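Report on the structure
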Number of protein chains: 2
Amino acid sequence: MMDFGTDFKPYTVQPQKIEGRSFEMIDEEIGDHSFTVEQYPIVQRVIHASADFELGRSLLFHRDAIQSGIHAVRSGKKVVADVQMVQVGINKPRMEKFGCDVNVYISDQDVMEEAKRLNTTRAIVSMRKAIKEADGGIFAIGNAPTALLELIGLIKKGEAKPGLIIGMPVGFVSAAESKEELAKLDVPFITNVGRKGGSTVTVAALNAISILAEKV
Amino acid sequence: MMDFGTDFKPYTVQPQKIEGRSFEMIDEEIGDHSFTVEQYPIVQRVIHASADFELGRSLLFHRDAIQSGIHAVRSGKKVVADVQMVQVGINKPRMEKFGCDVNVYISDQDVMEEAKRLNTTRAIVSMRKAIKEADGGIFAIGNAPTALLELIGLIKKGEAKPGLIIGMPVGFVSAAESKEELAKLDVPFITNVGRKGGSTVTVAALNAISILAEKV
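Scope of this entry: the structure provided in the associated data block. The shown structure was predicted, so the numbers you read here are calculated from the model rather than taken from an experiment.

**Let's talk about the environment of Phe172(B)**
You can see Phe172(B) is positioned in the loop between strand E5 (164-167) and helix H10 (175-183). Each C-alpha atom of the pair Phe172(B) and Gly194(B) lies 9.5 Å from the other, and the pair is 22 residues apart in sequence. Sequence-distant contacts of Phe172(B), defined by excluding residues within four places in its chain, comprise Ser22(A), Met25(A), Ile26(A), Ile47(A), His48(A), Ala51(A), Phe53(A) and Arg195(B).

Right under this line is the structure:
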């Protein structure tokens with residue numbers, strides 16, 4: 001048994017209230033923007049996860065992104081995360097309700113061996129595996145620009161057709177460039193402009209989509 | 001067997017080169033700062049993980065933070081993560097080399113039940129459990145301000161004495177305030193000023209400490 005001798009402090013609040021108050025603060029502070037009513041819940045969750053309005057305001061949506069993402073969730077399509085941090089952050093009970101399982105290939109034995117052999121990133125090799133096992137699914141890429149660039153290359157060759165790409169890798173080398181390339185494609189994507197991004201905001205965007213899938 | 005019919009693109013670079021080039025860019029762009037030679041590798045990794053110089057420059061270090069953190073790693077102390085995203089991001093092979101295991105209590109059955117019963121956050125309850133099982137260890141808090149506030153309360157009461165606290169929760173409700181409270185304590189801490197933070201930067205700071213533990 002645990003000991004609960006520690007008194008509760010005035011800062012203690014109920015979990016639901018923390019989230020609700022955060023969303024109110026975002027609404028109050030975001031100012032003018034041109035996101036649609038459909039896009040705004042995703043922007044709001046990205047800001048909630050990062051406390052970064054600049055990052056939230058930098059989001060870009062393909063016109064079919066949200067409807068195609070909702071459709072993929074409701075159809076129980078597979079989800080592919082580029083890294084384990086993205087995988088564990090995704091709300092699993094909600095995804096499982098729709099029959100979506102959340103996969104990550106980057107630490108698979110075959111992927112590691114091939115990346116070493118080819119002297120390339122495991123991220124690249126993992127995308128080649130992912131399109132075979134999870135095509136039509138949702139690709140959530142929050143860390144590795146090389147994963148996103150590889151996926152873009154596979155799409156251009158007609159070898160991949162994801163239901164939704166959430167492409168928000170972070171970093172100094174190729175991250176911004178990879179997202180620029182994604183934004184040129186006519187495929188359902190959610191991305192952002194610039195170097196910022198990361199696992200937490202990628203997770204936030206996907207969780208926002210699955211909440212919409214439940215509600216709409 | 002996987003098929004490697006896809007040609008490599010010019011963007012393909014070796015993993016080690018990506019990181020090296022990123023660090024060079026950070027050095028070039030950070031400008032004047034007052035971090036010590038000892039603190040700078042942590043700042044650099046936080047910026048690398050977030051592409052956010054403002055966030056990196058907002059870091060605050062207790063004077064004993066780095067030495068105490070290195071000592072905790074080398075002594076094989078336990079690491080406590082507030083959430084699973086922090087846990088999975090931490091470089092495990094390096095930690096295991098020193099005998100440090102990385103724990104997260106927030107989804108433990110007893111923690112979930114007690115949090116529900118008390119109508120409070122699982123984060124708070126998980127910290128009460130953590131100080132019993134991992135005191136003297138490294139507490140890496142990247143998500144939940146309530147976890148950090150609870151830990152601060154336990155320290156003030158003399159019930160907890162962590163070897164290092166990396167406290168960088170993100171958010172709109174209590175995050176900045178929790179970090180202000182941490183910065184008032186005379187205990188080894190790494191934290192930052194403001195709402196920003198999160199799992200990825202918390203992981204980056206801890207990974208930087210374990211790299212130092214290997215090198216120095």
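**Thoughts on the sheet that holds strand E6 (residues 189-192) of chain B**
Residues and elements named next belong to chain B. As summarised here, the arrangement of the 6 strands in space is E1-E6-E5-E4-E2-E3, forming an open sheet in which the pairing is mixed. Strands at the two margins of the open sheet, each flanked by one partner only, are strand E1 (59-61) and strand E3 (102-104). Taking the axes of each pair of neighbouring strands and ignoring which way they run, one obtains an average angle of 20° across the sheet.

**Side note on the pattern of salt bridges**
Residue and element names in this part refer to chain B. In total, this model carries 32 salt bridges over all chains according to the counting rule given. In this structure, the salt-bridge partner of Glu 150 is Arg 128, at a minimum N-O distance of 2.8 Å. One end of the pair, Glu 150, is in helix H9 (residues 145-156); the other, Arg 128, is in helix H8 (residues 122-133), and 22 residues separate them in sequence. You can call Glu 150 buried: its relative accessible area is 1%. For Arg 128, a relative accessible area of 1% puts it in the buried group.

**Brief notes about the packing of aromatic side chains**
Residues and elements named next belong to chain A. Per the stated rule, a full pass over the model turns up 4 aromatic pairs over all chains. Ring centres of Phe 35 and Phe 61 lie 6.0 Å apart, and the angle between their planes is 80°; this geometry places the pair in the edge-to-face category. Of this pair, Phe 35 sits in the loop between helix H1 (15-29) and helix H2 (40-50) while Phe 61 sits in strand E1 (residues 59-61); the two residues are 26 residues apart in sequence, bridging distant segments of the chain. By relative accessible area, Phe 61 is classed as buried at 15%.

**Here's the deal with the sheet that holds strand E6 (residues 189-192) of chain A**
All names here are of chain A. If you walk across this open sheet you meet the 6 strands as E1-E6-E5-E4-E2-E3, and the pairing is mixed. Strands at the two margins of the open sheet, each flanked by one partner only, are E1 and strand E3 (102-104). Strand after strand, the sheet turns through a mean of 20° between neighbouring axes, direction not considered. Where strand E4 (residues 138-141) meets strand E5 (residues 164-167), 4 bridges bridge the pair, whose relative direction is parallel. Note that in E5 the partner of Ala 140 across the bridge is Ile 166. Against the sheet, helix H10 (residues 175-184) contacts E1, E5 and E6, and its axis sits at roughly 145° relative to E6.

What counts, and at which threshold
Each chain carries its own residue numbering, running from 1 in the direction its sequence is written. Going through the entries in the order they are written, you letter the chains from A and number the ligands from 1. Local features in this predicted model are restricted to residues whose pLDDT is 70 or higher, and side-chain atom pairs enter the listing and the counts only when it is 80 or higher, whereas totals over whole chains, interfaces and linings include all residues. Only hydrogens and water are set aside; all other atoms, that is, all heavy atoms of the structure, feed into the side-chain values. Counting from the N terminus, the helices are DSSP H or I runs at least four residues long and the strands are E runs at least two residues long. A contact between two residues is defined here by any heavy atoms of the two lying within 4.5 Å. Strands are treated as partners if at least two bridges between them are detected by DSSP. Angles here are taken between N-to-C directions and fall from 0 to 180 degrees, while the axes themselves are lines fitted to C-alpha atoms, restricted in helices to the stretch in contact. Throughout this description, the term salt bridge denotes a Lys or Arg side-chain nitrogen within 4 Å of a carboxyl oxygen of Asp or Glu. Buried residues are those whose accessible area, probed at 1.4 Å on protein chains only, stays under 20% of the maximum for their type, while exposed residues exceed 50% and partly exposed ones sit between those limits. In this scheme Phe, Tyr and Trp rings, the latter by its six-membered ring, pair at centre separations within 6.5 Å, and the angle between planes marks the pair as stacked below 30 degrees, edge-to-face above 60, and tilted otherwise.

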